[in-house]
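# A closer look at the structure
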Amino acid sequence: MPVDFGTYEPGNPRVDLSEGTNARQLLEVLLEHPTVGYTPAELAEATGIPRGSIGPTLQRLETADLVRHKEPYWGAAEDDRLAAATAAFLGVKTAAATHSDDWYAQNDGWADELPDLSDEEQ
């Protein structure tokens, strides 16, 4: 991923947890059972992430203090930030599951059907 060279600091522990990233997928699995440790092979199988990407991603998550490691197992770190992340992930999943089949989800252009109020006199 390209970075702004002027602001980039090597060793920055910030991890991209956007939906679909390897880090997000791994963290979601680990947060489902925060007291359980998984091997990299088990995480690769659970996520579909290539085995060669698991280790480097887990190391970035560990540098950011989001996961913990007891050879050969990895688990979610015990941190309040992870509780907040878990709530956010679950909230988005719940909202998507609840509203994925409503009229708005089935009609991408629904906002186009709203009247344009910008031309009306006030």
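Please refer to the structure placed before this passage.
Analysis parameters
- Residues numbered from 1 in each chain as written.
- Predicted model: local features only at pLDDT ≥ 70, side-chain atom pairs only at ≥ 80, totals over all residues.
- Heavy atoms only, no water.
- Helix = DSSP H or I, 4+ residues; strand = E, 2+ residues; numbered from the N terminus.
- Buried < 20%, exposed > 50% of the residue type's maximum accessible area, 1.4 Å probe, protein only.
- Contact = heavy atoms within 4.5 Å.
- Areas by Shrake-Rupley, 256 points an atom, 1.4 Å probe, with all protein chains shown as cover.
- Pairing = 2+ DSSP bridges.
- Salt bridge = Lys/Arg side-chain N within 4 Å of Asp/Glu carboxyl O.

### Focus on the overall build of the chain
- When helices and strands are counted, the chain shows five helices and two strands.
- Its helices and strands in sequence order give the chain the pattern α-α-α-β-β-α-α, from N to C terminus.
- For the chain, with 122 residues in total, the buried portion stands at 25%.
- Long-range contacts, defined here as pairs at least 24 residues apart, represent 48% of the contacts in the chain between residues at least 6 apart.
- Accessible surface, the chain: about 8900 Å² in total, of which carbon and sulfur atoms supply 52%.

### What about the pairing of strand β2 (residues 73-76)?
- Taken together, the four bridges between strand β1 (residues 67-70) and β2 define a ladder with antiparallel strand orientation. By the bridge assignment for β2, R68 is matched with G75.
- In sequence, β1 turns back onto β2 through a hairpin of two residues.

### Regarding the side chain of T47
- By secondary structure assignment, the location of T47 is in helix α2 (residues 40-47).
- Beyond its immediate sequence surroundings of up to four residues, T47 is in contact with Q25, L26, V29 and I54.

### A few points about the pattern of salt bridges
- Inspection of the entire model under this criterion finds two salt bridges.
- Across the pair R24 and E28 runs a salt bridge whose closest N-O atoms are separated by 2.9 Å. Of this pair, R24 and E28 both sit in helix α1 (residues 22-32), four residues apart, which is roughly one turn of the helix.
- On the basis of relative accessibility, which here comes to 10%, the residue R24 falls in the buried class.

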